[in-house]
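Fold and geometry: a report
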Amino acid sequence: AQSVTQLGSHVSVSEGALVLLRCNYSSSVPPYLFWYVQYPNQGLQLLLKYTSAATLVKGINGFEAEFKKSETSFHLTKPSAHMSDAAEYFCAVTEGAGNTPLVFGKGTRLSVIA
Amino acid sequence: DTAVSQTPKYLVTQMGNDKSIKCEQNLGHDTMYWYKQDSKKFLKIMFSYNNKELIINETVPNRFSPKSPDKAHLNLHINSLELGDSAVYFCASSQARRGYTFGSGTRLTVV
């Protein structure tokens, strides 16, 4: 069975500092990996996805993530945090090509301090 | 045009009532899902349908019954609502090589 572990339920960074949100996955087959962001009282917005092409994936709003098979990781980074980045971030995994459910991690709440 | 639309956005109802949440997607995707997000923000798959056929039914009480009249619609009916059913319910759809799209959610409050 697939699973995702997000280390740190809450991460706090200063404005302008590096953002690093950690995600480790478990999958018996090559995974498809996703990062979603959820702003308060809103739905899920796709930030980026890894689908077995380039291991460094660039997404929206300056975020990127690197797939490391040897570490079973897919950490999300952004060089410089903005106040508007404060939100809940979810890592998700699936083994199918688009017809199997996403399995989500428990989420990491990002706070940005002025 | 909204790709995956859910109605209603908010639903407040009393314990014991029966309610439905509707979901429609205009993306031409073959697969649709219902997820439940609890008070701790954890997202858990409830049901998965592929071309109107139930594929996945996770450990969900029998009071929850999904219905898919066609591949563009997946509705969720809940009988005898309980306090613990209060959550945000998300509909989603997917298609191979096209990715996953989520609706904006339905916040259900049972009082």
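Up top you'll find the structure we're talking about.
One structure accompanies this document, and this report is about it.

Parameters at a glance
- Residues numbered from 1 in each chain as written.
- Chains lettered and ligands numbered in written order.
- Predicted model: local features only at pLDDT ≥ 70, side-chain atom pairs only at ≥ 80, totals over all residues.
- Heavy atoms only, no water.
- 1 Å grid on protein atoms, 1.4 Å probe; cavity = no way out; pocket = protein on both sides within 12 Å on 5 of 7 lines; lining within 4 Å.
- Points joined across faces, edges and corners; volume = space filled by probe spheres on them.
- Helix = DSSP H or I, 4+ residues; strand = E, 2+ residues; numbered from the N terminus.
- Nonpolar A, V, L, I, M, F, W, Y, C, P; charged D, E, K, R; others polar.
- Polar contact = N/O pair within 3.5 Å; in protein donor to acceptor, adjacent residues only side chain to side chain.
- Contact = heavy atoms within 4.5 Å.
- Buried < 20%, exposed > 50% of the residue type's maximum accessible area, 1.4 Å probe, protein only.
- Pairing = 2+ DSSP bridges.
- Buried area = accessible area lost by both parts, 1.4 Å probe.
- Salt bridge = Lys/Arg side-chain N within 4 Å of Asp/Glu carboxyl O.
- Axes fitted to C-alpha atoms, helices over the stretch in contact; angles between N-to-C directions.

1. Considerations on the layout of surface pockets
Volume-wise, the largest pocket comes out at about 220 Å³. The wall of the largest pocket is formed by 20 residues, among which Gln38(A), Asn41(A), Gln37(B), Val88(B) and Arg107(B) lie closest to the centre. Ranked by residue count, the leading element in the lining of the largest pocket is strand 9 (residues 87–95) of chain B, at three residues. In terms of residue class, the lining of the largest pocket is built from six nonpolar, 10 polar and four charged.

2. Focus: the side chain of Asn75(B)
Residue and element names in this part refer to chain B. Along the chain, the position of Asn75 falls in strand 8 (residues 73–78). Within the structure, the side chain of Asn75 is placed 3.3 Å from the backbone nitrogen of Cys23, a separation counted as a polar contact. In this view, Asn75 contacts Ile21, Lys22, Cys23, Trp34, Ser65, Pro66, Lys67 and Pro69; residues no more than four positions away in its chain are not counted.

3. So, unusual backbone geometry
Each neighbour pair has its own omega, and for Thr7(B) with Pro8(B) the value is -5°, a cis peptide bond. Here Pro8(B) lies in the loop between strand 1 (4–7) and strand 2 (10–13). The phi dihedral of Asn61(A) falls on the positive side, at around 60°, and the residue is not glycine. The topology assignment puts Asn61(A) in the loop between strand 6 (56–58) and strand 7 (64–68). Residue classification places Asn61(A) among the partly exposed positions, given a relative accessible area of 41%.

4. With respect to the side chain of Gln6(B)
Residue and element names in this part refer to chain B. As for its position among the elements, Gln6 is in strand 1. A distance of 2.8 Å separates a polar side-chain atom of Gln6 from the backbone oxygen of Tyr89. The residues touching Gln6, leaving out its near neighbours within four places in the chain, are Ile21, Lys22, Trp34, Tyr89, Phe90, Cys91, Gly103, Ser104, Gly105 and Thr106.

5. Quick notes on the pairing of strand 7 of chain A
Residue and element names in this part refer to chain A. Only one face of strand 7 is buried: it carries Ala65 and Phe67, and the other face, with Glu64, Glu66 and Lys68, is open. Relative to strand 7, strand 6 runs antiparallel, the two being bridged by three bridges. Residue pairing in the sheet places Leu56 in a bridge with Glu66 of strand 7. In this antiparallel pair of consecutive strands, strand 6 and strand 7, the connection spans five residues, and Asn61 shows a positive phi of 60°.

6. Points about the interface of chain A and chain B
Opposite the 20 residues of chain A that make contact, chain B presents 23 residues. Of the roughly 1700 Å² buried between chain A and chain B, counting both surfaces, carbon and sulfur atoms make up 58%. At the boundary of chain A with chain B, the tally comes to zero salt bridges. Counting every contact that joins chain A to chain B gives five residue pairs in polar contact (both at pLDDT 80 or more). When contributions to the side of chain A that touches chain B are tallied by element, the ones reaching two or more residues are strand 4 (32–38), strand 5 (44–50) and strand 9 (87–94) of chain A. Classifying every residue of the side of chain A that touches chain B gives eight nonpolar, nine polar and three charged.

7. Some thoughts on the sheet that holds strand 1 (residues 3–7) of chain A
All names here are of chain A. Read from one edge of the open sheet, five strands run 1-3-8-7-6, paired in antiparallel fashion. One side of each edge strand has no neighbouring strand; the edge strands of this open sheet are strand 1 and strand 6. The mean angle between the axes of side-by-side strands here comes to 20°, regardless of whether they run parallel or antiparallel. As defined by bridge partners, strand 1 adjoins strand 3 (residues 19–26) across five bridges and the pair is classed as antiparallel. Residue pairing in the sheet places Val4 in a bridge with Tyr25 of strand 3.

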